Structure formats: C-alpha cells, structure tokens
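What follows is the residue order along each chain.
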Amino acid sequence: MSKNLKSNADLSQVASGVFHTKIVFVNSYFVDTPENVPGSFVVIDTGMPYSAVKIQNAVENRYGAGTKPTAIILTHGHFDHAGSALALAEEWNVPVYAHRLEMAYLTGKSDYPPQDPTVGGAIAQMSRLFPHGGYDLKNHIHALPENGEIEAMRGWRYFHTPGHTAGHISLWRENDRVLLAGDALTTMNLDSWISQITEKKEFCSPPKPFTTDWQAARRSVEMLAELEPNVVAAGHGNAINGANTPQKLKEFARNFDAPRKGRYVMSPAIADESGVVALPPPVTDTVKVASAAVAAGAIVAAIVRRNRKELKSGENFDE
Ligand SMILES: [Zn+2]
Ligand SMILES: [Zn+2]
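All of the points below concern the structure found in this document. All values reported here derive from a predicted model rather than from experimental measurement.

What counts and how
- Residues numbered from 1 in each chain as written.
- Chains lettered and ligands numbered in written order.
- Predicted model: local features only at pLDDT ≥ 70, side-chain atom pairs only at ≥ 80, totals over all residues.
- Heavy atoms only, no water.
- Pairing = 2+ DSSP bridges.
- Helix = DSSP H or I, 4+ residues; strand = E, 2+ residues; numbered from the N terminus.
- Axes fitted to C-alpha atoms, helices over the stretch in contact; angles between N-to-C directions.
- Contact = heavy atoms within 4.5 Å.
- Donors = N, O, S within 2.8 Å, 3.2 Å for Na, K, Ca; no water.
- Tetrahedral: all angles 85-135°; square planar, octahedral: opposite > 155°, others 65-115°.
- Buried < 20%, exposed > 50% of the residue type's maximum accessible area, 1.4 Å probe, protein only.
- Polar contact = N/O pair within 3.5 Å; in protein donor to acceptor, adjacent residues only side chain to side chain.
- Parallel < 35°, antiparallel > 145°, perpendicular 65-115°, else oblique.
- Left-handed = near helix turned anticlockwise from the far one by under 90°.
- Nonpolar A, V, L, I, M, F, W, Y, C, P; charged D, E, K, R; others polar.

1. Overview of the sheet that holds strand S4 (residues 41-44)
Read from one edge of the open sheet, seven strands run S1-S2-S3-S4-S5-S6-S7, paired in mixed fashion. Two strands in the sheet have a free side with no partner beyond their single neighbour: strand S1 (12-15) and strand S7 (141-143). Across this sheet, the average inter-strand angle for adjacent strands is 30°, counted without regard to direction. Sheet analysis places strand S6 (residues 96-98) next to S7, joined by three bridges and oriented parallel. Each residue of the ladder has a partner; that of tyrosine 97, found in S7, is histidine 142. Its contacts with the sheet put helix H1 (residues 52-63) on strand S2 (18-23), strand S3 (26-32) and S4, and the angle it makes with S3 is roughly 30°. The strands touched by helix H3 (residues 85-92) within the sheet are S4, strand S5 (71-73) and S6, with S5 carrying the most contacts at an inclination of about 165°.

2. Considering the coordination of the zinc ion (ligand 1)
Binding of the zinc ion (ligand 1) to the protein goes through His76 (NE2), His78 (ND1), His164 (NE2) and Asp183 (OD), at separations of 2.1 to 2.4 Å. Angles of 88 to 175° at the metal separate the four donor atoms of the zinc ion (ligand 1), which places the site in the irregular class. If you list the donors of the zinc ion (ligand 1) from N- to C-terminus, the spacing comes out as H-x1-H-x85-H-x18-D. For the pair the zinc ion (ligand 1) and the zinc ion (ligand 2), the metal-to-metal distance amounts to 3.5 Å, and aspartate 183 bridges them. Of this pair, histidine 78 sits in the loop between S5 and helix H2 (79-82) while histidine 164 is found in the loop between strand S8 (157-160) and strand S9 (169-173), placing the two residues 86 residues apart along the sequence. For the pair histidine 78 and histidine 164, a shared accessibility class is recorded, and that class is buried.

3. Quick word on the environment of tyrosine 112
Here tyrosine 112 shows up in the loop between S6 and helix H4 (122-127). We classify tyrosine 112 as buried; its relative accessible area is 4%. Measuring from C-alpha to C-alpha, the distance between tyrosine 112 and threonine 165 comes to 8.3 Å, with 53 residues separating the pair along the chain. Contact partners of tyrosine 112, with chain neighbours within four places excluded, come to His76, Gly77, His78, Glu102, Tyr105, His132, Gly133, Thr165 and Val276. In this structure the side chain of tyrosine 112 is engaged in a polar contact, spanning 2.4 Å, whose partner is the side chain of glutamate 102.

4. Considering the coordination of the zinc ion (ligand 2)
Here the zinc ion (ligand 2) is held by Asp80 (OD), His81 (NE2), Asp183 (OD) and His236 (NE2), and the distances to it run 2.1 to 2.3 Å. Around the zinc ion (ligand 2) sit four donor atoms; with metal-centred angles ranging over 87 to 155°, the donor geometry is irregular. Counting residues between consecutive donors of the zinc ion (ligand 2) along the chain gives the motif D-H-x101-D-x52-H.

5. Quick word on the packing of helix H6 (residues 214-226) against helix H7 (residues 245-254)
In contact at an axis separation of 9 Å, H6 and H7 are set at 155° when each is read in the N-to-C sense. Judged by the angle between their axes, H6 and H7 are roughly antiparallel. Crossing of H6 over H7 shows left-handed handedness. In this structure, H6 uses Arg218, Val221, Glu222, Leu224, Ala225 and Glu226 to contact H7, whose residues at the interface are Leu249, Lys250, Phe252 and Ala253. Of the residues belonging to the contact of H6 with H7, the class tally is six nonpolar, no polar and four charged.

Structure follows, in structure tokens:
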C-alpha cells in the first residue's frame with residue numbers, strides 16, 4: 001500500500017481512548033485497549049473499498065509509523081464498513097471479528113438482501129449505485145463468541161443489534177457508558193439532502209435502503225436506549241454526547257419511525273447462518289439509475305469539498 005498520504009488522515013476523539021476518522025460519509029473508530037495503554041488498540045469498521053490507505057495513515061498518525069491494531073472488529077459487513085477489511089487484514093496480518101450471523105456475508109457464501117431504493121430519502125436515491133454483495137475475508141474472519149465478550153477489547157462487550165443486518169452488533173463500554181452503535185442507528189439524517197452536507201447531529205433511523213427487518217431494528221434501538229449511554233458514536237454522523245443524551249435516545253426509541261412504504265417494511269428479509277433465506281417480492285422502482293447517479297455524484301462532490309475544507313482548516317486529531 002502507498003504510504004504517501006499522511007496529511008490526509010484526520011482524527012478526532014469521541015471518548016477516552018476512542019478515536020474517530022471519517023472517510024467521505026462513513027466512520028471508522030480506533031479504540032485503545034486496554035484504555036490508556038498506548039500502542040494497543042483495535043479498529044472498528046474499515047470504510048468503503050479503497051479506504052485502506054487513509055485508515056492506515058490515520059492509525060500511523062495516532063500510534064506511530066509501522067503500528068497495527070491487535071484486531072479489526074466489524075459492526076456488520078456492508079460495503080461501507082467492511083469494504084477495506086480484507087486489504088487492511090492482509091496488510092496488518094490481524095484477525096477480523098464479526099457476529100456469527102454476519103459470517104455468511106464475510107466468507108463469500110451469501111450476498112446481502114438487495115437494497116430498497118423505493119423506501120424514500122436521499123440515501124435511498126443514492127443507494128441504487130451501492131453494492132450489496134458479500135466479501136470473502138478468507139482466513140482472516142472469525143465469529144465472535146456468543147457471550148458478548150470481545151477478547152481484544154477489554155472493558156467492552158458487544159450486543160447483538162439485528163434489524164439493519166441480521167448479525168449487526170453494537171459495542172458498549174459500561175465504565176463511562178460509551179456506545180459505538182454501528183448502523184443500528186445514525187446520528188445524522190441520511191434521508192435529507194441538506195444533512196448530507198451539514199451533518200447536523202440528531203438520532204435517526206438506521207440507513208433505510210439497507211435495513212431489512214424494521215421490527216428487529218426498533219427492538220435494537222429500544223435495547224440500546226435502555227443502556228442510557230453518555231456518548232453515542234455511530235457509523236454515520238458525528239458523535240452525540242452531553243448530559244441529556246440518554247433522554248434524547250430514549251425519546252428517539254419511543255418515537256422510532258419505520259418507513260411507511262418499502263420492500264422490507266411489511267415483511268422482513270429472512271436470514272440464518274447460511275445467509276439470505278427468503279425475501280419479500282421486489283417493489284417497482286421507476287427512477288432511472290442515471291438520474292440517481294447524477295444526484296449521488298453531486299452530493300459526493302460536495303462532501304469531498306467539505307472534507308477538504310475541514311482538513312485545510314486543521315480539524316485534525318485533538319486529544
Ligand atoms: Zn450498513
Ligand atoms: Zn453504513
């Protein structure tokens with residue numbers, strides 16, 4: 001991998017020993033484990049394909065040249081979270097962990113259910129261009145134990161939070177009530193074109209076009225709200241913290257709003273350890289892919305412009 005892009009690595013701190021880097025529109029997290037021991041850390045989620053160099057640069061900016069994590073943990077295997085997992089696992093020669101029910105999509109056995117672009121909102125429009133295929137992480141991928149423990153993350157545990165995907169997990173540090181929620185929820189409104197640029201902080205539903213069991217998604221959000229987290233950092237959006245975070249999350253869970261229409265709203269995709277077992281019938285999509293491409297291209301260009309501005313204005317690592 002080329003290592004000449006160090007100035008492009010931006011990193012911010014969301015909690016003690018928890019760092020965040022954003023690549024275009026999705027977050028990766030670096031977690032010191034155990035906390036406050038420099039040089040021992042894990043990487044949570046690996047961004048889209050071709051993000052490996054940027055993540056590696058962010059890691060080396062934080063932990064030093066030639067350093068690598070003890071493990072990569074995936075909240076789930078969608079392309080924007082697992083897209084660079086194989087490249088990084090091979091570069092670092094480290095294990096990758098995910099939930100047992102996510103393994104079919106990370107061992108090349110199954111694709112995810114197709115996304116539903118008719119569910120409404122900006123990200124749904126763009127989703128026509130996104131892949132839903134699985135990855136084969138070969139001998140790097142391992143299933144997490146059932147008991148919620150993550151050996152590589154002392155002080156943390158995971159909760160199975162299905163709905164967005166069948167084997168989605170969220171990570172929890174009880175000590176200071178830090179929640180890494182993956183795509184169980186978002187902390188920005190992915191359905192709003194404006195929010196794609198402004199990233200206003202608010203609790204919002206999991207990314208809709210890829211969420212294939214809405215009842216399970218609601219139960220997962222309710223369970224996370226019961227934890228009463230002080231910090232909520234998700235796969236999309238900036239971390240939400242502050243004294244009223246537990247109340248805001250409970251309010252969001254109480255009013256959790258599944259979409260009114262869409263392929264997976266009335267009946268979910270059914271999956272088991274072998275991957276997708278049954279799907280509701282497709283719904284008619286009348287929008288041409290070409291117009292979605294134009295819209296997505298304009299938004300991605302705006303996001304990249306915004307990211308560049310942030311980098312120029314020095315929004316780098318702030319410990
Ligand atoms: Zn996802
Ligand atoms: Zn995502």
